[in-house]
Amino acid sequence: MTADAHATRSMVELITGGWRAQAVYTAAKLELPDHIEDGLTDAGSLAEATGASQEGLHRLLRLLVAIGVLEGSESTGYRNTPMSATLRRGTQSLRDMVLLHGEEFYAAWGQAHHAITTVSSGFEAAYGEPFYAYLGQQPDTAKRFQHTMNAGNMFFHAVPEAVDFGDKRVVDVGGGGGHLLSSILSASQDAQGVLFDREHMIPEAREHLSTTVGLDRVELVAGDMFDAVPDGGDVYILCRVLAGWDDDAVVRVFENCRRALADSSSRVLFIDRLVADEGASMLPALWDLHLLMTNGGRHRSRDLVVSLLERAGMRVDREVELPMETTGLLAAPR
């Protein structure tokens, strides 16, 4: 059998992907892009600033240049690229995402064989407790996780472009730090918002919303979406909050939203990635497995989400495609 050089090279690139990920993680951990931006552009000065070995950094920097994260060399000085700029500290930084993926999530994926063969959480196998229980005991990791969720908001701007929120009372269920709600209210100046989430998320949401749209337009409510949601909303948003729960639990949340609708013209907007067996695309398929690794969850197909909405007494009357292979299903009460 003659080896296919292209196929072999492609497979090697796939199986060494974790090495590249750990190189990027180390760059973020050592804050190399920030140090380079501050003028430290060689391995010696970076070693002095970070406390890392100069030889180790030299070898890391060489790989980071090879994979396009940095540019330059030891003789000319290292420079940031648009990729490394995403790791610098700031409101749009991916640094917390890289750290989370390079530590806790990397350990969870190390249990991939166990997770896939048993359909159970890789994180729980690695850490001995469920992911969300772990977050409850690790506030720094919990904050990093929320920043990671916020960093995945590249489609938020498209939501108010696809759905009319004008003069509506918008209830963001599981709204986290308030980034989606602030995007909606900024685009729809006559809309009012309600951010509903667990008690520990309210302070972060208050801080973000107070500086973006103002607290005069937002009500902050703490609670459990499986028990009830705030009444009287015109649009209830469920954005990326149901993938970690089983079908019966999801139906319960849908039912709670339907009962809380202001009237028959009100809607529930479900937003997430949807998997498909035919013509599968990368992000939904990849993140579906990632959910299994972290919390034992999954992404659902469109047909399954529609059937769960129907069990809760709703029907889909509109579908919108959003960036980053994300889909919105707008459901009405039946």
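Residues numbered from 1 in each chain as written. Predicted model: local features only at pLDDT ≥ 70, side-chain atom pairs only at ≥ 80, totals over all residues. Heavy atoms only, no water.

For the rest of this paragraph, the subject is helix 2 (residues 17-29). Compared with an ideal rise of 1.5 Å per residue, which puts 13 residues at 18 Å, helix 2 spans 18 Å between its outermost C-alpha atoms and is within 8% of the ideal. Within helix 2 the residues assigned to the buried category are A23, V24, Y25, A27 and A28. On its buried face, helix 2 is in contact with helix 3 (32-37), helix 5 (54-66) and helix 7 (95-102). (Helix = DSSP H or I, 4+ residues; strand = E, 2+ residues; numbered from the N terminus. Expected span 1.5 Å × (residues − 1). Buried < 20%, exposed > 50% of the residue type's maximum accessible area, 1.4 Å probe, protein only. Contact = heavy atoms within 4.5 Å.)

This brings us to the packing of aromatic side chains. Here a ring pair, both rings aromatic, is described through the centre-centre distance and the interplanar angle of the planes. Inspection of the entire model under this criterion finds 11 aromatic pairs. A centroid spacing of 4.7 Å and a plane angle of 65° characterise the contact between F226 and W245, whose relative ring orientation is edge-to-face. With a gap of 19 residues between them, F226 in the loop between strand 5 (218-222) and strand 6 (235-239) and W245 in the loop between strand 6 and helix 16 (247-260) connect regions that are remote in the sequence. When the ring of F254 is compared with that of F270, the centres are 6.2 Å apart and the planes differ by 75°; the resulting orientation is edge-to-face. Taken together, the residues F254 in helix 16 and F270 in strand 7 (residues 267-272) connect sequence positions 16 residues apart. In this pair, the class of F254 matches that of F270, namely buried. Of the aromatic side chains, those joined through ring pairs into one cluster are F105, F123, Y127, F131, Y132, Y134 and F145. Sitting above the plane of the W287 ring, R273 keeps its charged end 5.3 Å from the centroid. (Phe/Tyr/Trp six-rings, centres within 6.5 Å; stacked < 30°, edge-to-face > 60°. Lys NZ or Arg CZ within 6 Å of the ring centre and 35° of its normal.)

The seven strands are arranged 5-4-3-6-7-9-8 in an open sheet whose pairing can be described as mixed. The two strands at the open ends of the sheet, each matched to only one other strand, are strand 5 and strand 8 (314-322). Strand-to-strand twist across the sheet, computed as the mean angle between neighbouring axes with direction ignored, equals 20°. Bridge analysis of strand 7 against strand 9 (residues 326-333) gives five bridges, and the strand direction is antiparallel. Its bridge partner being in strand 9, V268 is matched across the sheet by A331. Of the strands in this sheet, strand 3 (169-173), strand 4 (192-197), strand 5 and strand 6 are in contact with helix 14 (residues 179-187), which crosses strand 4 at around 175°. Contacting strand 7, strand 8 and strand 9, helix 18 (residues 302-311) runs over the sheet at an angle of about 145° to strand 8. (Pairing = 2+ DSSP bridges. Axes fitted to C-alpha atoms, helices over the stretch in contact; angles between N-to-C directions.)

Right, let's get into the nonpolar core. Core analysis: the biggest nonpolar cluster contains 29 residues, and V173, M225, Y236, L238, L242 and F254 have the highest contact counts within it. Broken down by secondary-structure element, the contributors of at least two residues to this core are strand 3, strand 4, strand 6, helix 16, strand 7, helix 18 and strand 9. Element by element, the count of residues in this core is highest for helix 16, at seven residues. By size, the runner-up hydrophobic cluster in this structure holds 27 residues, among which are V170, I184, L269 and V320. (Core = buried A, V, L, I, M, F, W, Y, C linked by side-chain atoms within 4.5 Å.)

This part covers the packing of helix 2 against helix 7. The contact between helix 2 and helix 7 brings their axes to 9 Å, and the two run at 125°. Considering the angle they form, helix 2 stands oblique to helix 7. Note that helix 2 runs across helix 7; the crossing there is left-handed. For the pair helix 2 and helix 7, the contacting residues are Q22, V24, Y25, A28 and K29 in the first and R95, V98, L99 and G102 in the second. For the contact of helix 2 with helix 7, the class distribution of residues is five nonpolar, two polar and two charged. (Parallel < 35°, antiparallel > 145°, perpendicular 65-115°, else oblique. Left-handed = near helix turned anticlockwise from the far one by under 90°. Nonpolar A, V, L, I, M, F, W, Y, C, P; charged D, E, K, R; others polar.)

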